[in-house]
Amino acid sequence: MSSLLCVPERGACEEPSDAAMNHNEQSPFDPSPTASASKVLKGQARRDLQTQIDDLKSAIAAAGIDLPAAPKTAANDNEMALDLDDVYDDEYDCLGPTLPLGLVEVSKQDQQSDLTVYKEEEDAEDDEKTEEVELTASMWDMPLIMFTPPIGSASSMVLLLLLILNATIQLVFLWIIVDGLSNPQFNSETVDELMAWRRTTAHDYSNYDPALGKSLARRVCDGDASLATSGVQIDSYANLVAYIGEENGDDVNAIGPLMCTLGLLIWLLTVSKEFNGLWKLVLGVATIPRGTSTTIVFDEDDSKLQIECLSTRRTAATLLVALARAFICGTLAAYGCLFLAYEISLGDLLLNTVALEFVLSVDELIFEALVPTTVKQLVESAAPLAAVRARALDGPRWRGLDTRAALTIGTVATMLGAVLGLILLPQRNLLVQARDALCAGDRDFVFTLDGLGSIAWTYPEGTNEAKLYSRNYPDGGDPKRRRPSLKSQPLYTDGVIDTVLAQQGRKYHASLCSTEECFDTTLLVPTPLADRPPCCKAISTRVPVSRGARLSVEQKAAESVSDAVQLWNPSCYDALDAGGYYKNLLQGAFADAANEPGGCGASREPCPMETPFCSDSGECVAPACANAEVFCRNNTLAGLRARQLCPVTCGCDDPRSALALSLPEAGCGAQCLRVGTYRERMDAMPCEDVPTDDAGFQNAMSDMLAVAQTWPYDWKTSSTLIFQDLQQYGCQYLQMNQTGRTFFLAVPLFCSAP
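Residues numbered from 1 in each chain as written. Predicted model: local features only at pLDDT ≥ 70, side-chain atom pairs only at ≥ 80, totals over all residues. Heavy atoms only, no water.

Asker: How should I be thinking about the overall build of the protein in this particular structure?
Answerer: A count of helical and extended segments in the protein gives 31 helices and 17 strands. Every one of the 754 residues in the protein was classed for burial, and the buried ones make up 43%. For the protein, the proportion of contacts with a sequence separation of at least 24, taken over those separated by at least 6, is 65%. With the model as given, the accessible surface of the protein reaches about 38200 Å², and the carbon-plus-sulfur share is 56%. (Helix = DSSP H or I, 4+ residues; strand = E, 2+ residues; numbered from the N terminus. Buried < 20%, exposed > 50% of the residue type's maximum accessible area, 1.4 Å probe, protein only. Contact = heavy atoms within 4.5 Å. Areas by Shrake-Rupley, 256 points an atom, 1.4 Å probe, with all protein chains shown as cover.)

Asker: Sorry if this is basic, but what is going on with the side chain of Thr 499 here?
Answerer: For Thr 499, the position within the fold is in helix H17 (residues 492-501). Side-chain polar atoms of Thr 499 contact the backbone oxygen of Val 496, separated by 2.4 Å. (Polar contact = N/O pair within 3.5 Å; in protein donor to acceptor, adjacent residues only side chain to side chain.)

Asker: Would you mind showing me how to read helix H13 (residues 362-370) here?
Answerer: Those residues of H13 lying buried are Val 362, Asp 363, Ile 366 and Phe 367. All buried residues of H13 lie within an arc of 140° about the axis, which places them on one face of the element. Looking at the buried residues of H13, the elements they touch are helix H6 (153-181), helix H12 (346-360) and helix H14 (373-380). (Arc of directions from axis to C-beta.)

Asker: What is the right way to read the packing of aromatic side chains from this model?
Answerer: We describe a pair of aromatic rings using the distance from one ring centre to the other and the angle between the two ring planes. Scanning all chains against the criterion turns up nine aromatic pairs. When the centroid spacing of 6.1 Å and the interplanar angle of 80° are considered together, the rings of Phe 445 and Trp 457 count as edge-to-face. One end of the pair, Phe 445, is in the loop between helix H16 (403-439) and strand E12 (446-449); the other, Trp 457, is in strand E13 (residues 455-458), and twelve residues separate them in sequence. Classification of Phe 445 as buried rests on a relative accessible area of 1%. (Phe/Tyr/Trp six-rings, centres within 6.5 Å; stacked < 30°, edge-to-face > 60°.)

Asker: What should I look at first to understand the side chain of Thr 463 in this one?
Answerer: Its place among the elements puts Thr 463 in the loop between E13 and H17. Looking at Thr 463, its side chain comes within polar contact range of the main-chain oxygen of Pro 460, at 2.8 Å. Not counting chain neighbours up to four residues away, the residues in contact with Thr 463 comprise Asp 444 and Arg 506.

Asker: Hey, could you run me through the packing of helix H28 (residues 695-708) against helix H29 (residues 713-729) in this one?
Answerer: Working note: a packed helix pair is described by the angle between its axes plus the distance between those axes. In the contact formed by H28 and H29, the axes pass within 9 Å of each other and the chain directions differ by 170°. Viewed along their axes, H28 and H29 adopt a mutual orientation that is roughly antiparallel. In this structure, the crossing between H28 and H29 has a hand that is left-handed. Across from Phe 697, Gln 698, Met 701, Ser 702, Met 704, Leu 705 and Ala 708 in H28, the residues of H29 making contact are Lys 716, Ser 719, Thr 720, Phe 723, Gln 724, Leu 726 and Gln 727. Considered class by class, the residues forming the contact of H28 with H29 number seven nonpolar, six polar and one charged. (Axes fitted to C-alpha atoms, helices over the stretch in contact; angles between N-to-C directions. Parallel < 35°, antiparallel > 145°, perpendicular 65-115°, else oblique. Left-handed = near helix turned anticlockwise from the far one by under 90°. Nonpolar A, V, L, I, M, F, W, Y, C, P; charged D, E, K, R; others polar.)

Asker: What's the story with the nonpolar core in this structure? I'm lost.
Answerer: In summary, soluble globular proteins display a tendency toward joint burial of nonpolar side chains. In terms of nonpolar packing, the biggest core is built from 88 residues, with Trp 267, Leu 332, Phe 445, Leu 576 and Phe 590 touching the most fellow members. Residues contacting Phe 445, with those up to four places away along its chain left out, are His 203, Ser 215, Trp 457, Thr 458, Tyr 459, Pro 460, Ile 497, Val 500 and Leu 501. If you look at the next biggest cluster of nonpolar residues, it comprises 33 residues, including Trp 140, Val 285, Leu 310 and Val 379. (Core = buried A, V, L, I, M, F, W, Y, C linked by side-chain atoms within 4.5 Å.)

Asker: Would you take a moment to explain the state of the cysteines for this structure?
Answerer: Each disulfide is one covalent bond, formed between the sulfur atoms of two cysteines. Summed over the entire model, instances satisfying the criterion amount to nine disulfides. Disulfide pairing is shown between Cys 625 and Cys 646; the S-S distance is 2.1 Å. On the sign convention where negative means left-handed, the S-S torsion of about -90° between Cys 625 and Cys 646 marks this disulfide as left-handed. Of the two residues, Cys 625 is situated in helix H24 (residues 625-628) and Cys 646 in the loop between helix H25 (637-645) and helix H26 (647-650); the sequence distance between them amounts to 21 residues. (Disulfide = S-S within 2.5 Å.)

Asker: Whenever I open this one, unusual backbone geometry confuses me. Can you help?
Answerer: A negative phi angle characterises most non-glycine residues, just as the trans form characterises most peptide bonds. A cis amide bond links Tyr 473 with the next residue in sequence, Pro 474, at an omega value of 5°. In this structure, Phe 147 takes a positive phi of about 60° despite not being glycine. Note on placement: Phe 147 falls in the loop between strand E5 (130-133) and H6. Note on Phe 147: relative accessible area 43%, which makes it partly exposed. The phi angle at Cys 572 is positive, at roughly 55°, despite the residue not being glycine. When you line up the elements, Cys 572 lands in the loop between helix H22 (561-568) and helix H23 (583-594).

Asker: Would you mind showing me how to read the sheet that holds strand E8 (residues 304-311) here?
Answerer: Strand order in the open sheet formed by three strands is E6-E8-E7, and the pairing between neighbours is mixed. Either end of the sheet is taken by a strand with one partner, and the two such strands are strand E6 (290-291) and strand E7 (295-299). Note that E7 and E8 share five bridges and pair antiparallel. Looking across to E8, one finds that Ile 296 is bridged to Ile 307. (Pairing = 2+ DSSP bridges.)

Asker: Help me out: how do you make sense of the environment of Val 191 in this one?
Answerer: Mapped onto the elements, Val 191 comes out in helix H7 (residues 188-199). Expressed as a C-alpha distance, the spacing of Val 191 and Leu 430, which sit 239 residues apart in the sequence, is 7.8 Å.

Asker: How do you make sense of the pattern of salt bridges when you look at a structure like this?
Answerer: In a structure, side chains of opposite charge can pair up when their charged atoms sit close to one another. For the structure on display, the rule yields 22 salt bridges. Arg 435 serves as the salt-bridge partner of Asp 436, at 3.2 Å between the closest nitrogen and oxygen. Summarising the burial analysis for this pair, Asp 436 and Arg 435 share the class buried. For the salt bridge of Arg 483 with Asp 531, the shortest nitrogen-to-oxygen distance reads 3.8 Å. Remark: Asp 531 occurs in the loop between strand E15 (527-528) and helix H20 (534-540) and Arg 483 occurs in the loop between E13 and H17; sequence separation between them is 48 residues. Residue classification places Arg 483 among the partly exposed positions, given a relative accessible area of 45%. Judged by relative accessible area, Asp 531 falls into the exposed class, the value being 63%. The structure contains a network of salt bridges with shared partners spanning Lys 214, Arg 218, Asp 222, Asp 442, Asp 444 and Arg 506. (Salt bridge = Lys/Arg side-chain N within 4 Å of Asp/Glu carboxyl O.)

Asker: Got a minute to help me understand the pairing of E8 in this structure?
Answerer: The two faces of the sheet receive side chains in turn, since in a regular strand these alternate between them. With two bridges joining them, E6 and E8 adopt parallel strand pairing. Residue pairing in the sheet places Arg 290 in a bridge with Leu 310 of E8.

Here it is, written out as structure tokens:
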């Protein structure tokens, strides 16, 4: 506040007395002891102040200003009380509150006027403030000085080549990051692939280590360093646990997202620093005077390089280089954020943050390493390019905060929030799914598919079956939940494995899974219930032991096609139409072989386990031999399963059926050659050649020709000639070609020995 006292009638400002000046030098906000003493006005200072007050009152009266009455005192009702000790007010640095109201208003107006003047003076000072733009040790600044006399032509050519090299290096790094390093390491397809690995390789008996008594999944999740396979899964699980912990990724052990956030913040601050420097350079170039040619002066006395004038062409070239720099920096900023957000290795995350900053500082590295020494010295001693007004550089201010700082803070916060909300948080959820796909749920069991394609599983000897893993498959839910959220799978086998992965085969669930809850025991032949809990599927496919016994996982893995038929269909009947506890298991084995990939019907959704077969109409049904008949003559897995499960429908029990694939190894089973129906028909056949035009003979030859087309080329070519001749000449062909009579068992069944 000004210490002048203005007298309106005099039209001038009078200087205060020495005491008043001394008072102004000691602010009431000054905590020193002299601050309190300033309130006491003594001697001449007191009289001078009283004189000024009297003059001011006279001036107010002469101006015709009516003042309200002053408070009365006991000493004199007509006299205005004015205690000089109260005149001075620390808060306003002006006359105190005991002055008359009109005088107080004048004082307030003076204060407001002083504040306005101060603000105008502050704004004027801001307008006058400047900031010098320096020539930096960067290749991006070299277009300003190269090909000028102080630099020289040779050094200028070197600078041009180094500038091109700098841009090339940064663009190559940018292309590498955009093309291959900014893609997520884990996505929904990766999670599906890890689940497929878990359903197949991880628990397959062929990967079981009998010496350790552990499944491959258990060894991967334990970080077994002796594993010769599944190294990718071991590294992935170790990185995932280190990144998100063992819970949902939102606890204190999940240091990965926190470290990624810090890395992103550091990277964005680095980019902001680069853009701020670029903006400062552009404003500096815009401030330098224009001319027809560039004028650069080198003062030998001061050893300073001074750019006095820039040509339009050089200005345009400099701004074009600045635009390229902005493009590289902006693109690198965006893809650098992706690069960091998708990295799950903590060590690589730290290195990647540093690597990005290194890529952005290649221009400075090239300058320091390759630029000629004379150029370095000139740049280091160069005078400032220009003095840029602070208001133009930083923009308007609001309560001390300039626009540039506000925009920088807002941009960094917005980009960081966008990356966290749109990329990092969804990525964290995906990483939790990937980790659970690898090791959630049951890790101990092993399984195999037998000769019929049905699943058999068990726990290795010594497994603590009462144990429940805390995170259940597939979503980390409660391991004691009786009906976990399991999706329908394309294969029946996968659905069974999912139930075991969800720990439905453990003692806790097996003890709660009663026969009445799983099967309809009111029927003569118990049949699986449609809405039975998942534990029923787990306990109905378990075998007693992993090794040794006939019904062990080890023996089931070595089971042949004919052995499976002998076990599952010992009487050569249509087992797929029969009831029984394992009916659904046989239906699933056939459906896995017969269903086409890609789901069922218009929705292309997998069929549920209770109705696993996709019919020709696109409906999910429980398969019967009527559905299997169309596959009987196919030399495919579906045809093999059809002959194993529906031998009567396929004609395995008829010696003169049109079925070419009637041998036991083809699925019919050896027992069909010994069954009563087959023997009765053999005994009833006359021992004579059938006519060439016999319908049964022609159908058998046609089926043989069709099967021959599925053989390797040499077999296909020779057998096709033989079967065509047989079809044309009948049994007489065997007298002409002795080789053909042993091709198929079916030929002697139609032709007697020659």
